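Structure at a glance
Chain by chain, the residues run as shown.
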Amino acid sequence: METRREFLLPLLLQTLLCTSAARGGISIYWGQNGNEGTLAETCATGRFSYVNIAFLIKFGGGQVPELNLAGHCNPATDSCRFVSDGIRACQQRGIKVMLSIGGGVGNYSLTSREDARAVSVYLWNNFLGGRSAARPLGDAVLDGVDFDIELGSSLYYDDLVRFLKSYCGRGRKVYITGAPQCPFPDRLMGAALNTSLFDYVWIQFYNNPPCQKIFLGLPAAPQAAGSGFIPAEVLTAEILPVIRRSRKYGGVMLWSKYWDDQSGYSSAIFKSV
C-alpha cells in the first residue's frame, strides 16, 4: 500500500471544500507483522475505530482461499482461531473489524459472476455470519469485508460486493470498505465502487460521491510506503482542517499497526482527526 502525495494534495483542495467540519476516526491495518501486538492490544489503545485484518491473499478461480497473517499465526495449522478473542474484544469496544482481501502480494482474481458468488459464500460462511467447520479465525463474526485489490483483473468485483451486501437481509449488517488507489477512478476497483454499496473508503483520497464516508489514507512512518509520508504536524495543522469540512469525511487510515508502533503517528494525530 502506498499513498501518492502528488495526486493527493490537489484533490484535497479541489474536491472537499464544503461548509461544515466533521470529526472522524482512525482505521488501521493489522496482521502483517508479528511484532505489532495482538488484535486485542491494538483495540485497547483506544485510538482506532476500525481494524482491517490483512490479508486473504488467495481466492477466486476455483483456488482454495488462503489467509496470511505473517508472524501472528499459521492458518494452515488452525493456529489463528485464537484471533476470535481479539475480534470480540474489539467489537465490545464498538470497533468495527473487517477482513481485508487482496493486498500487494498474492494470487487472486474473479473469473465470472458465478465465481464471485462462490467467493461471497466462502466469505460469509468462514468469516461473517454463516457456518463452517473450517473458520480460519474461529467463531467470531467479523463486521464486513475490506477490498484492497491491487493485482490482477478488475472484473466481477462489483458482483462480489452485491453478493456480500445481499447477506444483510440475514439479520446482521455486512460492512463493505475499500482501499482504492489514486488517481480516480481506480483502475481495479472503479466498477466495484460505482455500486454505491461501500460504507467506507480509505487509503487514496479522491472524489467519489456515492460512497458514504471517505478516509484519508497515509503511511504511518516514512518506511511504510515508497512515498507519501506526511509529518503529523503538517497533517494536523494544514491538511485535516481542510478535509474535515467535507460532509463525506470519515477520518484517517494508517498503514499499518506495526509502523504506527514505531512512529507513534496515531497518538500524534488522534485528537485532531
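Rules used in this analysis
- For every chain, the first residue of the written sequence is number 1, and numbering continues from 1 along that sequence.
- Per-residue local features of the predicted model are confined to residues with pLDDT of at least 70, and side-chain atom pairs are confined, for both listing and counting, to 80 or more; whole-chain, interface and lining totals are unaffected and use all residues.
- No hydrogens and no water enter the side-chain calculation; it runs on all heavy atoms of the structure.
- Under the DSSP-based scheme used, a helix requires at least four consecutive residues in state H or I and a strand at least two consecutive residues in state E, with every element numbered from the N terminus.
- Exposure categories follow from relative accessible area, calculated using a 1.4 Å probe and restricted to protein chains: below 20% of the type maximum is buried, above 50% is exposed, and the middle band is partly exposed.
- Residue contacts follow a heavy-atom distance rule, with two residues in contact if any of their heavy atoms lie within 4.5 Å.
- Surface exposure here means Shrake-Rupley accessible area, sampled with a 1.4 Å probe, where a residue is shielded only by the protein chains that are shown.
- The definition of a right-handed crossover adopted here requires that, viewed with the strands pointing away, the path from the first strand over the helix to the second runs clockwise.
- The pairing criterion for strands is at least two bridges between them, as found by DSSP.
- Axes here mean lines fitted to C-alpha atoms, for a helix over just the part in contact, with angles spanning 0 to 180 degrees between N-to-C directions.
- Our angle categories are set so that under 35 degrees counts as roughly parallel, over 145 as roughly antiparallel, 65 to 115 as roughly perpendicular, and the remainder as oblique.
- Should the near helix be turned counterclockwise from the far one by less than a right angle, the crossing is left-handed, whereas a clockwise turn marks it as right-handed.
- Under the convention adopted here, Pro, Cys and the residues Ala, Val, Leu, Ile, Met, Phe, Trp and Tyr are nonpolar, Asp, Glu, Lys and Arg are charged, and Gly plus all remaining residues are polar.
- Two cysteine sulfurs form what is called a disulfide whenever their separation falls within 2.5 Å.
- Each residue carries a pLDDT score, the predictor's confidence in it, ranging from 0 to 100.
- Nonpolar core, defined: a set of buried Ala, Val, Leu, Ile, Met, Phe, Trp, Tyr and Cys residues in which side-chain atoms within 4.5 Å join the residues together.

1. Focus on the overall build of the chain
Secondary structure assignment for the chain yields nine helices and 10 strands. Relative to its 273 residues, the chain shows a buried fraction of 53%. Residue pairs in contact within the chain that sit at least 24 positions apart in sequence constitute 72% of those at least 6 positions apart. Total accessible area on the chain stands at roughly 11100 Å², and carbon and sulfur atoms take up 49% of it.

2. A few points about the pairing of strand E7 (residues 175-178)
On E7, burial covers both faces: Tyr175 and Thr177 on one face and Ile176 and Gly178 on the other are all buried. In this view, the connection linking strand E6 (residues 144-149) to its parallel neighbour E7 by way of helix H5 (residues 157-166) has right-handed handedness. The sheet contact formed by E7 and strand E8 (residues 200-201) spans two bridges and is parallel. Residue pairing in the sheet places glycine 178 in a bridge with valine 201 of E8.

3. Focus: the side chain of aspartate 159
Tracing the sequence through the fold places aspartate 159 in helix H5. Once you skip the residues sitting within four places of it in the chain, aspartate 159 turns out to touch Arg113 and Ala116.

4. Side note on the packing of helix H4 (residues 113-126) against H5
Packed helix pairs are specified by the crossing angle of their axes together with the interaxial distance, meaning the distance between the axes. Look at H4 against H5: their axes get within 8 Å of each other, and the N-to-C directions meet at 40 degrees. With respect to each other, H4 and H5 are oriented oblique. The handedness of the crossing between H4 and H5 comes out as right-handed. Between H4 and H5, the contacting residues are Arg113, Ala116, Arg117, Val119, Ser120 and Leu123 on the first element and Asp159, Leu160, Phe163 and Leu164 on the second. Of the residues contributing to the contact of H4 with H5, the split by class is six nonpolar, one polar and three charged.

5. Things to note about the state of the cysteines
Under the definition given, this model contains two disulfides. Residue cysteine 73 pairs covalently with cysteine 80 via a disulfide, S to S 2.0 Å. Taking the sign of the S-S torsion, 105 degrees for the link of cysteine 73 and cysteine 80, the bridge is right-handed. For the pair formed by cysteine 73 and cysteine 80, the shared burial category is buried.

6. Quick word on the environment of alanine 232
In this fold, alanine 232 is placed in helix H7 (residues 232-243). Leaving out residues up to four positions away in the same chain, alanine 232 has contacts with Tyr265, Ala268 and Ile269.

7. Some words on the pairing of strand E2 (residues 50-59)
Of all 10 residues in E2, nine are buried, a share of seventy percent or more. Where strand E1 (residues 25-30) and E2 come together, four bridges link them in parallel fashion. When the sheet's bridge partners are listed, isoleucine 28 is paired in E2 with valine 51. Of the pairings in the sheet, the one linking E2 to strand E4 (residues 96-103) comprises six bridges and is parallel in character. Considered in E4, the bridge of alanine 54 is made with serine 100. Two elements, E2 and strand E3 (residues 66-67), share two bridges in a ladder whose sense is antiparallel. Counterpart to lysine 58 in the pairing with E3 is glutamate 66. Joining the antiparallel neighbours E2 and E3 is a turn of six residues, in which glycine 60 adopts a positive phi near 85 degrees.

8. Quick look at the confidence of the model for the chain
Averaged over the chain, the pLDDT score is 88; the fraction of residues at 70 or greater is 87%. Low pLDDT, under 50, characterises residues 205-209; the predicted model gives this stretch 23 contacts beyond four residues in sequence or across chains.

9. Re the nonpolar core
Core analysis: the largest hydrophobic core is formed by 65 residues, its most contacted members being Ile53, Ile101, Leu123, Leu137 and Phe147. Residues within four places of leucine 123 in sequence aside, it is in contact with Leu56, Leu99, Ile101, Leu128, Val145 and Leu164. Core analysis: the next-biggest nonpolar cluster, separate from the first, contains 14 residues, Tyr50, Phe55, Ile57 and Ala224 among them.

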